[in-house]
Amino acid sequence: MSGERYPSPLREFWLGFSANRGALAALVFFGLVAMAALLAPWIAPHDPVEQYRSQMLAPPVWDGGSWSFVFGTDELGRDLLSRLLHGGRVSLGIGLASVLLAMVPGVVLGLTAAFHQRWLSPVVMRVMDIMLALPGLLLAICVITVLGPGLFNTVIAIAIGALPGYTRLTRAAALAEIEREYVVASRVAGAGLLRLMFVTVLPNCLAPLIVNASLSFSAAILETAGLGFLGLGVQAPMAEWGGMLSSARDYIQRAPWVVMLPGLTILCTVLSVNLMGDGLRDALDPKLRKVS
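These numbers were taken from a predicted model, which means no experiment stands behind them.

## A word on helix α10 (residues 206–229)
An α-helical turn contains 3.6 residues, so any two residues separated by three or four positions project in the same direction.
Item 1. The first and last C-alpha atoms of α10 sit 34 Å apart over 24 residues, in line with the 34 Å expected at 1.5 Å per residue.
Item 2. Taken from the residues just after α10, Gly231 is the one with a positive phi, measuring 80°.

Here it is in structure tokens:
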């Protein structure tokens, strides 16, 4: 059999993902955003908290501004490009950390509930139902109110809001796999409970979890921006996209770029993550996969 006719799983995944042109373009854009955020301390033209009092609300270069401040400055004379780059480190970092912090306990709870359907599953699912009764942002606000604003508390608040989704999805996927022949064979062969959960069943539940993680990542970026806009997230003077929108809202008519640029950054970043999620769904779902 030729390797071209039967591609490796990795190549098969890439062929399925790259067939979605929107997802491919989104991957390139998000890669540039992530790289710019990662290299912000080295490529940012100015310190994000340094104030140039003589350049307050300076226009961007395409509106007659100076090349020293390509995207202009905010109401305190801070360089917008530098703040956007450093704000990306915060927003993307919070999004990634909250996804991991929600996924790990969510997967453990979901698998445990699936393998203990008689006594543990009802308790876990009712707790998750209670958490789902509150919208994610409202639940995050409640947690922040208790813990207080700050970088680490923002991660915890967003992760708690995302936890029920991972728990319910993992339980549903695991229940669909438990009665299959390979799981029964592993039981008969003497596999222990932990091996059944994390070695036998979990790898076959990863596809929907990966897709859900990508969508949760975009939701986490939006929630981070929402909390920052409300003054409950990352505190000044640290640069964060939502906080930039909040401080600039009083100058929307006088200097629209101070609102437009952070807003467009959030919009384009979240859109690219959602499009990548669509590509992951197409590549990981055998019913949607298109491999030539």
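Picking up where we left off.
## Some details on empty space enclosed by the protein
Item 1. Per the counting criterion, the structure on display carries 1 cavity of 30 Å³ or more.
Item 2. Counted as a void, the largest cavity has a volume near 40 Å³.
Item 3. What lines the largest cavity is Asp74, Glu75, Leu80, Arg83, Met244, Ser247, Ala248 and Val258.
Item 4. Elements with a contribution of two residues or more to the lining of the largest cavity: α4 (80–115) and α11 (241–248).
Item 5. The leading source of residues in the lining of the largest cavity is α11, at 3 residues.
Item 6. Its residues assigned to classes, the lining of the largest cavity shows 4 nonpolar, 1 polar and 3 charged.

## Digging into the pattern of salt bridges
Item 1. Within this structure, the stated rule accounts for 7 salt bridges.
Item 2. A salt bridge links Arg168 to Asp129, with the shortest nitrogen-to-oxygen separation between them at 2.6 Å. Within this pair, whereas Arg168 is found in helix α7 (residues 151–178), its partner Asp129 is found in helix α5 (residues 120–132), the two being separated by 39 residues in sequence.
Item 3. With a relative accessible area of 37%, Arg168 lands in the partly exposed category.
Item 4. Overall, the relative accessible area of 28% leaves Asp129 in the partly exposed class.

Procedures and definitions
- Residues numbered from 1 in each chain as written.
- Predicted model: local features only at pLDDT ≥ 70, side-chain atom pairs only at ≥ 80, totals over all residues.
- Heavy atoms only, no water.
- Helix = DSSP H or I, 4+ residues; strand = E, 2+ residues; numbered from the N terminus.
- Expected span 1.5 Å × (residues − 1).
- 1 Å grid on protein atoms, 1.4 Å probe; cavity = no way out; pocket = protein on both sides within 12 Å on 5 of 7 lines; lining within 4 Å.
- Points joined across faces, edges and corners; volume = space filled by probe spheres on them.
- Nonpolar A, V, L, I, M, F, W, Y, C, P; charged D, E, K, R; others polar.
- Salt bridge = Lys/Arg side-chain N within 4 Å of Asp/Glu carboxyl O.
- Buried < 20%, exposed > 50% of the residue type's maximum accessible area, 1.4 Å probe, protein only.

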